[in-house]
Amino acid sequence: MKIIKSISNALSFLERTIIVLLLVTMVVLAFFQVILRNAFSSGFLWADPFLRHAVLWIGFLGASLATQQEKHINIDLVTRFLSPRMTNIFRIVTNLFAGTVCALLSNAGWTFVVSEQSTGDILLTINTMEFPAWWFQLIIPIGFGLMAFRFLIKTIEHVIEAFNPTPSIQHTANVP
């Protein structure tokens, strides 16, 4: 389990780094795009498609990080009325379901990317360099795959917690 957690932590570091780099690039590029359009009536033709796809990348990587930290959308109403063990069992079921859906969506995303690759569509052309659309769409299967991986890790953690609970720490008040 420690190896899987260290892999997950390394992935989250990589995801955060990519998010920061993309966000900084997006802000700088959008700023220059506005200046070029308003002051010089020109701009980069490739900037708008790049910015749209950068938002897609940030969204998927952010969703993966939210899944790792269990900050994604979840059903909290039910768990308020359950015991800690039943809460873990409920989370096992919901994480398995969400992980399965993400795995299926990752597979569908891969099929989409392969289809896009076969068309040979070019998304961006900068000078003489051409960037195929499928390069930017790879985040779809990768993002859903990362979320499926993170849901699997959370499922394992909740199985361990449900069937081998850690003793809760008793806090005593220091009353004089």
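In short, a report on the structure. (Residues numbered from 1 in each chain as written. Predicted model: local features only at pLDDT ≥ 70, side-chain atom pairs only at ≥ 80, totals over all residues. Heavy atoms only, no water.)

## Some points on the packing of helix 2 (residues 47-68) against helix 6 (residues 139-163)
The interhelical angle for the contact between helix 2 and helix 6, taken along N-to-C directions, is 5 degrees, at an axis separation of 8 Å. Between helix 2 and helix 6, the crossing angle belongs to the class labelled roughly parallel. Within the contact between the two elements, helix 2 uses L56, W57, F60, L61, A63, S64, L65, T67 and Q68 and helix 6 uses I139, I140, G143, F144, L146, M147, R150, F151 and K154. Here the residues of the contact of helix 2 with helix 6 sort into twelve nonpolar, four polar and two charged. (Axes fitted to C-alpha atoms, helices over the stretch in contact; angles between N-to-C directions. Helix = DSSP H or I, 4+ residues; strand = E, 2+ residues; numbered from the N terminus. Parallel < 35°, antiparallel > 145°, perpendicular 65-115°, else oblique. Contact = heavy atoms within 4.5 Å. Nonpolar A, V, L, I, M, F, W, Y, C, P; charged D, E, K, R; others polar.)

## Brief notes about the nonpolar core
Counting 24 residues, the largest nonpolar core has L29, F50, F60, C102, L124 and F144 as its most contacted members. Breaking this core down by element, the ones donating at least two residues are helix 1 (2-40), helix 2 and helix 6. Setting aside anything within four residues of it in sequence, one finds F50 in contact with L22, T25, L29, L124 and F136. (Core = buried A, V, L, I, M, F, W, Y, C linked by side-chain atoms within 4.5 Å. Buried < 20%, exposed > 50% of the residue type's maximum accessible area, 1.4 Å probe, protein only.)

## Some details on the packing of helix 1 against helix 6
Where helix 1 contacts helix 6, the axes come no closer than 11 Å and their chain directions differ by 145 degrees. Along this stretch, helix 1 crosses helix 6, giving a crossing that reads as left-handed. Between helix 1, through I4, K5, I7, S8, L11, S12 and E15, and helix 6, the contact on the second element is made entirely by L146, F149, R150, I153 and E157. Its residues assigned to classes, the contact of helix 1 with helix 6 comprises six nonpolar, two polar and four charged. (Left-handed = near helix turned anticlockwise from the far one by under 90°.)

## Here we look at the pairing of strand 1 (residues 122-126)
Bridging between strand 1 and strand 2 (residues 129-132) involves four bridges; their strand directions are antiparallel. Directly across from L124, in strand 2, lies its bridge partner F131. Here strand 1 folds back onto strand 2 in antiparallel fashion, the turn holding two residues, of which N127 has a positive phi close to 55 degrees. (Pairing = 2+ DSSP bridges.)

## Considering helix 2
For helix 2, with 22 residues, the first-to-last C-alpha span of 31 Å sits near the 32 Å given by 1.5 Å per residue. Where helix 2 ends, the next residue or the one after it, E70, has phi of about 55 degrees, a positive value. (Expected span 1.5 Å × (residues − 1).)

## Structural notes on the pattern of salt bridges
As enumerated under the stated definition, the model contains four salt bridges in all. With a shortest N-O distance of 3.2 Å, R150 and E15 are connected by a salt bridge. Residue R150 is located in helix 6, and its partner E15 is located in helix 1; the two are separated by 135 residues in the primary sequence. Accessibility classification places R150 together with E15 in one group, the buried group. Two residues, K154 and E157, come together in a salt bridge whose shortest N-O distance is 3.1 Å. With a gap of three residues between them, K154 and E157 both fall in helix 6, about one helical turn apart. Connected via shared salt-bridge partners are K5, K154 and E157. (Salt bridge = Lys/Arg side-chain N within 4 Å of Asp/Glu carboxyl O.)

## Some details on the side chain of K154
You can call K154 buried: its relative accessible area is 12%. Looking at K154, its side chain comes within polar contact range of the side chain of E157, at 3.1 Å. Excluding anything up to four places from it in sequence, K154 contacts T67, Q68, E70 and N95. (Polar contact = N/O pair within 3.5 Å; in protein donor to acceptor, adjacent residues only side chain to side chain.)

## Some thoughts on the environment of F60
The topology assignment puts F60 in helix 2. In this structure, the C-alpha to C-alpha distance between F60 and I140, residues 80 residues apart in sequence, is 7.4 Å. If we ignore the near neighbours within four places in the chain, the residues touching F60 are I139, I140, G143, F144 and M147.

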